Amino acid sequence: MKSITIKGSERESVGKKATKALRNAGKVPCVVYGGEKPLHFSADELAFKNLVYTPNAHTVVIILEDKKKLRAIMQDIQFHPVTDKIQHIDFYQLFDDKEVTLNIPVRLEGNSPGVRNGGRLLFRNRKLTIKALPDNLPDFFNIDISKLKIGDNILVESLESENFSILQPSTTVVVQVKTARAAIVIDEEEEEGAVEGEEAVAEGAEETTEAAE
């Protein structure tokens, strides 16, 4: 999984006044859990742009002024209700030998023949929750839908791997193609047209027979 580097400063004071002063200076107060004790730090708001405003999942390399470096993942983020600015971010520290739980985005590729025939594509789960060691975290799940016909689906069980565990049940539908109402109408019209054509042929044959007699 790709990592984003964030440079920050460790915080000694975490009171309301100190936190407000940081925000006024354009910095975001943060805390990292999972270690021996919570680590408080702050960084420029712009440093989080590629982490927060993206659908992709990333790990984070936090580098502090004393050259202390640690890996983490974002757990929670708070925004201002009016300005929508980042108010606070919680991180969870990663360790090479300790599994972590993370939501991984799902991407679709290809064109479904079922959709081309009038079916409706339903993207049921755009993210899947997995548990894995940090080095086994995938960037995303890539799903090929080029063979999905009307009535077909792709389940979680087809995405399972030895490198990680997917926490949703194996029978969970990720994406499927269902029959659209419009497609049913088209089929009925085609069947009615075929019946009318057969009746017309039959009537024509009867008329030909009568004329011959």
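So, how was this worked out
Residues numbered from 1 in each chain as written. Predicted model: local features only at pLDDT ≥ 70, side-chain atom pairs only at ≥ 80, totals over all residues. Heavy atoms only, no water. Pairing = 2+ DSSP bridges. Helix = DSSP H or I, 4+ residues; strand = E, 2+ residues; numbered from the N terminus. Axes fitted to C-alpha atoms, helices over the stretch in contact; angles between N-to-C directions. Salt bridge = Lys/Arg side-chain N within 4 Å of Asp/Glu carboxyl O. Buried < 20%, exposed > 50% of the residue type's maximum accessible area, 1.4 Å probe, protein only. 1 Å grid on protein atoms, 1.4 Å probe; cavity = no way out; pocket = protein on both sides within 12 Å on 5 of 7 lines; lining within 4 Å. Points joined across faces, edges and corners; volume = space filled by probe spheres on them. Nonpolar A, V, L, I, M, F, W, Y, C, P; charged D, E, K, R; others polar.

(A) How the structure looks around the sheet that holds strand β8 (residues 120–123). With antiparallel pairing, three strands are arranged side by side in an open sheet as β8-β13-β11. Single-partner strands in this sheet number two, and they are β8 and β11 (153–155). Pairs of neighbouring strands in the sheet enclose a mean axial angle of 10°, with direction left out of account. Sheet analysis places β11 next to strand β13 (residues 173–178), joined by three bridges and oriented antiparallel. Bridging from a neighbouring strand, Asn 153 pairs with Gln 176 of β13.

(B) Geometry of the pattern of salt bridges. Counting across every chain of the model gives four salt bridges. Residues Lys 68 and Glu 10 are paired through a salt bridge, measuring 3.6 Å at the closest nitrogen-oxygen approach. Of this pair, Lys 68 sits in the loop between β4 (59–64) and β5 (69–79) while Glu 10 sits in strand β1 (residues 3–10); the two residues are 58 residues apart in sequence, bridging distant segments of the chain. You can call Lys 68 partly exposed: its relative accessible area is 35%. Among the salt bridges present, the one from Asp 96 reaches Arg 71, with a minimum N-O distance of 3.2 Å. Here Asp 96, found in the loop between β6 (86–93) and β7 (100–109), pairs with Arg 71, found in strand β5; they are 25 residues apart in sequence, far enough to count as distant. Looking at Arg 71, the relative accessible area reads 27%, which means it is partly exposed. Through salt bridges that share partners, Arg 71, Asp 96 and Asp 135 make up one connected network.

(C) Spatial organisation of the sheet that holds strand β9 (residues 127–132). Ordered in space as β10-β7-β9-β12, the four strands form an open sheet in which the pairing is mixed. The strands lining the two open edges of the sheet, one partner per strand, are β10 (141–144) and β12 (165–166).

(D) Representation of the layout of surface pockets in the model. Taken as a whole, the largest pocket spans an internal volume of roughly 350 Å³. Contributing to the lining of the largest pocket are 17 residues, with Ala 57, Met 74, Leu 102, Asn 103 and Lys 127 lying nearest its centre. Those elements that place two or more of their residues in the lining of the largest pocket are α2 (49–52), β5 and β7. Examining the composition of the lining of the largest pocket, we find that five residues originate from one element, β5, more than from any other. Across the lining of the largest pocket, the residue classes tally to nine nonpolar, six polar and two charged. Taken together, Lys 20, Arg 23, Asn 24, Gly 26, Lys 27, Glu 45, His 80, Thr 83, Lys 85, Ile 86 and Gln 87 make up the lining of the second largest pocket. Only α1 (16–24) and β6 provide two or more residues apiece to the lining of the second largest pocket. Of the residues forming the lining of the second largest pocket, the biggest block, three residues, is contributed by α1.

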